[in-house]
Amino acid sequence: MTDQNSPLLLTPGPLTTAPETRDAMLRDWGSRDTAFIELTARVRRRLLAVAGVEEGGDFTCVPLQGAGTFIIEAAITSLVPTDGKLLVLVNGAYGERAAKICALAGRAHAVLADEESAPTDTDALERALAEDADITHLLIVHCETTSGILNPLEETAAIAAAHGTSLIVDAMSSFGALPLDIAALPADAVVASANKCLEGVPGVGFAIVRTSVLEGSAGNAGTLSLDLHDQWTYMEKSGQWRFTPPTHVLAALDEALARHEAEGSVAGRGARYRRNCDVLLEGMRALGFETYLGDNVQAPIIVTFKEPADPKYDFEEFYRRLHDRGFAIYPGKLTKAPSFRIGCIGHLDASDMARAVAAVGAVMDEMGFRLT
Ligand SMILES: *Cc1c(COP(=O)(O)O)cnc(C)c1O
């Protein structure tokens with residue numbers, strides 16, 4: 001799927017996009033243009049469909065300008081009231097970040113931490129909710145992009161529902177590629193952004209929220225620009241955005257969502273990423289690399305490989321040489337094990353992954369490091 005001079009981005013986002021998606025940005029829109037108001041409405045509808053629900057039902061979609069972290073911060077501060085308490089499930093940097101948001105925003109919170117290589121312990125979750133009656137909300141990171149681990153979303157949602165706890169899902173790196181039906185789970189909110197598995201460009205995030213929950217959230221946020229309730233009511237009333245909309249980013253997302261539908265929606269997108277991941281795993285293992293996670297908990301999104309112990313290996317040089325060959329990989333983010341990551345998501349197919357693995361093999365030969 002190479003179509004440009006820029007390297008293929010084997011990263012968790014921004015990632016490689018289709019030329020049609022980039023081309024969709026080649027005009028200007030006024031924020032009050034009818035065409036742009038329609039575009040906003042269409043994107044909101046399409047995002048609801050990806051989450052398995054329809055417009056006019058129990059859920060609504062609220063887009064928000066900014067990086068993924070902005071929508072997480074908006075969802076936490078808008079949906080968890082000042083007298084609420086959020087339990088954050090942590091097994092990587094994104095869970096940690098959600099806890100930090102609570103601390104800065106002055107929201108009561110607790111953390112249930114697991115090793116970065118272990119999925120959320122649902123027995124421990126069950127106990128934590130039974131023991132602390134103050135907990136009103138729960139946040140899970142569906143795919144923890146730090147390691148690439150898949151957390152047990154359905155089981156967690158069932159436990160939250162049994163305890164009457166409101167569930168917020170950070171589905172940033174899984175939305176559009178891994179099945180998620182917000183009504184069936186059930187969850188009160190799912191948040192994600194344009195530039196991961198939907199293959200849009202960066203600059204906008206969104207929350208799919210239970211309308212009744214959003215209705216009761218007025219005044220919670222404590223900030224102006226990250227107030228989801230205010231963003232929603234303004235958009236419902238006028239069809240327009242509060243503050244300057246990311247017009248071109250939204251046009252790209254509209255095209256990216258049309259392509260997502262044409263590919264067979266979540267099932268089609270997920271199947272392509274699964275093949276990408278299989279080719280990557282098989283090829284890298286044939287070269288001698290070891291994965292950090294067991295295959296049973298590995299999501300087909302991004303793979304963490306252990307760094308070679310050979311002193312001839314150096315990440316910066318490895319990265320630069322791969323980049324020269326047209327592939328951008330990603331540094332590791334684990335707190336303990338030295339590692340690097342290769343993403344399987346974006347406008348990439350199995351042949352791209354095979355070429356990436358071949359490039360890794362060639363760079364290994366050039367650098368002369370061995371894997372034992
Ligand atoms: C990418 C990501 C985010 C948000 O990241 P930004 O860099 O702010 O866009 C949050 N959670 C997860 C799980 C992610 O993968």
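Scroll up a little and you will see the structure.
Structural notes, computed from the coordinates. No experiment lies behind these values; they were computed from the predicted model shown. (Residues numbered from 1 in each chain as written. Predicted model: local features only at pLDDT ≥ 70, side-chain atom pairs only at ≥ 80, totals over all residues. Heavy atoms only, no water.)

**What about the overall build of the chain?**
Counting its regular elements, the chain contains twelve helices and 14 strands. Against the compact-globule benchmark of 21 Å for 372 residues, the chain has a radius of gyration of 21 Å, which places it among compact chains. Dimensions of the chain, computed from C-alpha atoms along their principal axes, come out at roughly 60 × 55 × 35 Å. Across the chain, the fraction of contacts at a sequence separation of at least 24, relative to all contacts at a separation of at least 6, is 72%. (Helix = DSSP H or I, 4+ residues; strand = E, 2+ residues; numbered from the N terminus. Rg over C-alpha atoms; globule rule 2.2 N^0.38 Å. Contact = heavy atoms within 4.5 Å.)

**A short note on the sheet that holds strand β11 (residues 302–306)**
One open sheet holds the three strands; their spatial order is β11-β14-β13, and the pairing between them is antiparallel. A single partner strand is all that each edge strand has here, and the edge strands are β11 and β13 (330–331). Relative to strand β14 (residues 339–343), β13 runs antiparallel, the two being bridged by two bridges. Directly across from Pro331, in β14, lies its bridge partner Phe340. (Pairing = 2+ DSSP bridges.)

**Remarks on a negative patch on the surface**
Among the surface-exposed residues, Asp121, Asp123, Glu126, Glu154 and Glu155 lie close enough to one another that they form a single negatively charged patch. Every element with two or more residues in the negative patch is listed here: α5 (122–131) and α6 (153–162). For Asp123, the position within the fold is in helix α5. (Patch = residues over 30% accessible without salt bridge, like charges linked within 9 Å, V, L, I, M, F, W, Y side chains within 5 Å. Areas by Shrake-Rupley, 256 points an atom, 1.4 Å probe, with all protein chains shown as cover. Salt bridge = Lys/Arg side-chain N within 4 Å of Asp/Glu carboxyl O. Lys, Arg positive; Asp, Glu negative; His and termini not counted. Charge placed at Lys NZ, Arg CZ, Asp CG, Glu CD.)

**A word on the packing of aromatic side chains**
Summed over the entire model, instances satisfying the criterion amount to twelve aromatic pairs. Ring centres of Phe289 and Phe305 lie 6.3 Å apart, and the angle between their planes is 70°; this geometry places the pair in the edge-to-face category. Taken together, the residues span a long stretch of sequence, with Phe289 in the loop between α10 (265–287) and β11 and Phe305 in strand β11 at a distance of 16 residues. For Phe289, a relative accessible area of 2% puts it in the buried group. An aromatic cluster is present here, built from Phe289, Phe305, Tyr313, Phe318, Phe340 and Phe369 joined pairwise through their rings. Against the face of Tyr94 rests Lys196, its NZ or CZ located 5.5 Å from the ring centre. (Phe/Tyr/Trp six-rings, centres within 6.5 Å; stacked < 30°, edge-to-face > 60°. Buried < 20%, exposed > 50% of the residue type's maximum accessible area, 1.4 Å probe, protein only. Lys NZ or Arg CZ within 6 Å of the ring centre and 35° of its normal.)

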